[in-house]
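# What the coordinates show
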Amino acid sequence: MCGIVGVVSNAPVNQLLYDALLLLQHRGQDAAGIVTLLERKFFMHKAKGMVRDVFRTRNMRALPGSVGLGQVRYPTAGNAYSEEEAQPFYVNAPFGIVLVHNGNLTNAHALRAELFSTDHRHTNTESDSEVLLNVLAHELERASRGVPLNPAEVFASVKNMHKRLRGSYAVVSLIAGHGLLAFRDPYGIRPLCMGRSADGTVMVASESVALEGSGHVFERNIEPGEAVFIDLQGNVHSMQCAEAPTLNPCIFEFVYLARPDSVLDGISVYQARLNLGETLAKRVVSTVPPNQIDVIIPIPESSRPSATQLAHLLGVPYREGFVKNRYVGRTFIMPGQGVRKKSVRQKLNVIGSEFKGRNVLLVDDSIVRGTTSREIVQMARDAGARKVYLASAAPPVRYPNVYGIDMPTKDELVAHDRTVEEIRELIGCDALIYQDVDAMKRAIGSLNPKLNGFDASCFDGVYVTGDIDTEAISRMNGNRPRIEETEEDSSRLALPNHSE
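What you are looking at is a predicted structure, and each value in this text was computed from that prediction instead of being measured. For every chain, the first residue of its written sequence is number 1, and the numbers climb from 1 along that sequence. Totals for whole chains, interfaces and linings use every residue, but because this is a predicted model, local features are given only for residues with pLDDT of at least 70 and side-chain atom pairs only at 80 or more, for both listing and counting. Side-chain measures were taken over the full set of non-hydrogen atoms in the model, leaving aside hydrogen atoms and water.

### Points about the overall build of the chain
In plain terms, the rule: In DSSP terms, a helix is any run of H or I states spanning at least four residues, a strand is any run of E spanning at least two, and both are numbered starting from the N terminus. Between buried and exposed lies partly exposed: a residue is buried under 20% and exposed over 50% of the maximum accessible area for its type, with that area taken using a 1.4 Å probe on protein chains only. Pairs of residues are marked as contacts when any of their non-hydrogen atoms sit within 4.5 Å. Residue-level accessible areas treat just the shown protein chains as cover; the underlying method is Shrake-Rupley with a 1.4 Å probe. For the purpose of charge, His is not counted, nor are the chain termini; Lys and Arg are scored as positive and Asp and Glu as negative. Every charge is mapped onto a representative atom, which is NZ of Lys, CZ of Arg, CG of Asp or CD of Glu.
Per the secondary structure count, the chain includes 16 helices and 21 strands. Referenced to the eigenvectors of the C-alpha coordinate spread, the extents of the chain come out at roughly 75 × 45 × 45 Å. Out of the 500 residues in the chain, the part that is buried amounts to 61%. Taking the intrachain contacts of the chain between residues at least 6 apart in sequence as the baseline, contacts between residues at least 24 apart amount to 71%. Roughly 18,800 Å² of accessible area belongs to the chain as shown, and the carbon and sulfur atoms make up 49% of that amount. In the chain, which carries 54 positive and 57 negative side-chain charges, the distance between the mean positions of the two groups comes to 3 Å.

In structure tokens:
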């Protein structure tokens, strides 16, 4: 779960990259980094923390140049506590390359061994993004041996990369003295789009909101398997580099990850969530008669569009019953499950009058571990709710995600190997209503008929890359970011939704 951005301009880009990363902050709060290019020299600053904390005035002044890229990170592989694994990553040969990556390579283990034994390249961290950078460097070196580096050689390198890489990857890289390269995996699992400003600046970013919020006009999505090379004069070259690309974006982007004001692969995230509320209404009616629901209350933030549509269709009042404290940081030195419970009450408070004596239907975007849901249901009861029903705009999360979402192992997923009734008992609500998997796919897919489908693997167990088995999942779980005993589990999916 990361947000990436790259810019080619004829003016300094440090402030522009900073602004774009702020607009992508919801995609990662663990670390942030920016690299700029002046002539043939890279200038980099990266550190753990939020964008506003990582970059001070002195850091911004030390980032000159009219070309650059940046990333906000939430780690899904490697060591969450290592400053070295904050991106961008850099390698000095050939040319000098820096890279940012959103996604997760499912064959990083095999590639790392291949890089050492065959390509004779060294990786120094557990990050799959460093593996990806070294594969790119090796392929660029092969393609440009004895000839100048032109777009044709760049695209040949990406073609060879697609043959070697497995998993999900949206990538932006800078090649010193040449330009900016952006490309996307052949399934289009993670998003990437491109836009332009009135002065000719070209930007690529994870979400359209980063373009629009920084004064750029959205032009198009980068297609699955496509590579875009922008030279230092701002000329855009593109080529399809995959043999059989298909568009199968991650459906969890629309359920939860992306900002509601973004448009991904032709689909409005906000409209997708409205549609989920519409299909969820049919499920609610078949479980709890609307006349037994006094009020519908969203669990902030991502569930609001679904909850408003659900309330409208059922003819039940919509109310805000929870208020978020947006200024609570991490809490330390509180080990174990109690940390997560306490943090929920720190981050979320009830408006008691909306609950007292009422039958309340709470709406969440998804239910992952179930611990947060259980605590929120109890908060509603403590506030005086007579009955507490819970509806999820997404289906049960039954399988791990391997494509770049920090999803728990299957044993930590509340829905894994449990019936809905068993989940309801664990969470403690009076009724539990889930979205239907096929209905979810239809509700979102109808917004762009050109889609080939979705990666919905955490819901249906079907991994679109076709290379995932139990052994692969077990290996990747072994490389999930380590959480120390004294550290709060700050995964986005362990907490109520971050502000959007």
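### Side note on the confidence of the model for the chain
Do not read the fine detail of predicted coordinates wherever pLDDT is low. Defined as follows: Per-residue confidence from the predictor is reported as pLDDT, which spans 0 to 100.
Across the chain, pLDDT averages 90, with 90% of residues at or above 70. Counting interchain partners and residues more than four positions distant, the pLDDT-below-50 stretch residues 330-341 has 24 contacts. Across residues 482-500 the pLDDT falls below 50, and counting only partners more than four positions away or on other chains, this stretch makes 80 contacts in the model.

### Observations regarding the sheet that holds strand β20 (residues 387-392)
Across a sheet, paired strands are connected by hydrogen bonds in the backbone, their directions being either parallel or antiparallel. Cut-off, in case you're wondering: By definition, two strands form a pair when at least two bridges between them are found by DSSP. Helix axes are fitted only over the stretch in contact, all axes being lines through C-alpha atoms; the angle between N-to-C directions runs from 0 to 180 degrees.
With respect to topology, four strands assemble into an open sheet ordered β16-β19-β20-β21, the strand pairing being parallel. Looking at strand neighbours, the two that pair on one side only are β16 (295-298) and β21 (431-434), the edges of this open sheet. Each strand of the sheet is rotated relative to its neighbour by a mean of 20°, with strand direction disregarded. Relative to β21, β20 runs parallel, the two sharing four bridges. Note that in β21 the partner of tyrosine 389 across the bridge is alanine 431. Its contacts with the sheet put helix α9 (residues 269-285) on β19 (359-364), β20 and β21, and the angle it makes with β21 is roughly 145°. Against the sheet, helix α13 (residues 420-427) makes contact with β20 and β21, and its axis sits at roughly 125° relative to β21, the strand it touches most.

### Some details on the packing of helix α5 (residues 128-144) against helix α6 (residues 151-164)
Each pair of packed helices can be described by the angle between their axes along with the distance between the axes. The criterion, for reference: Throughout this description, any angle smaller than 35 degrees is read as roughly parallel, any larger than 145 degrees as roughly antiparallel, any in the 65 to 115 degree range as roughly perpendicular, and the remainder as oblique. Working rule for handedness: look at the near helix, and if it is turned counterclockwise from the far one by less than a right angle, call the crossing left-handed; if clockwise, right-handed.
Where α5 meets α6, the axes come as close as 8 Å, and the angle between the chain directions of the two elements is 135°. The orientation of α5 with respect to α6, classified from their angle, is oblique. Of the two possible hands of crossing, α5 and α6 adopt the one that is right-handed. On α6, the residues that touch Leu132, Val135, Leu136, His138, Glu139, Leu140, Ala143 and Ser144 of α5 are Glu153, Val154, Ala156, Ser157, Asn160, Met161 and Arg164.

### Focus: the pairing of β16
Judged by which residues are buried, β16 turns out to be covered on both faces: Val295 and Ile297 on one side and Ile296 and Pro298 on the other are all buried. Here β16 runs beside β19; their pairing, made up of four bridges, is parallel. If you follow proline 298 over to β19, its bridge partner there is valine 363.

### Details of the environment of histidine 178
Stated precisely, the cut-off is as follows: Here a polar contact means two N or O atoms within 3.5 Å. Within protein one must be a hydrogen donor candidate and the other an acceptor candidate, and residues neighboring in sequence count only if both atoms are side-chain atoms.
Its location among the elements puts histidine 178 in the loop between β7 (167-175) and β8 (179-184). Looking at histidine 178, its side chain comes within polar contact range of the main-chain oxygen of alanine 176, at 3.1 Å.

### A few points about the side chain of threonine 125
Considering the arrangement of structural elements, one finds threonine 125 in the loop between α4 (108-119) and α5. Here threonine 125 falls in the buried class, since its relative accessible area comes to 10%. A distance of 3.1 Å separates the side chain of threonine 125 from the backbone nitrogen of serine 127, its partner in a polar contact.

### With respect to the packing of α4 against α5
As a packed pair, α4 and α5 sit with axes 10 Å apart at the nearest point and diverge in direction by 40°. The angle between the axes of α4 and α5 places the two elements in the oblique class. Helix-helix and strand crossings are classified by hand; for α4 and α5 the assignment is left-handed. Contacts from Ala108, Leu111, Arg112, Leu115 and Asp119 in α4 reach Asp128, Val131, Asn134, Val135 and His138 in α5.

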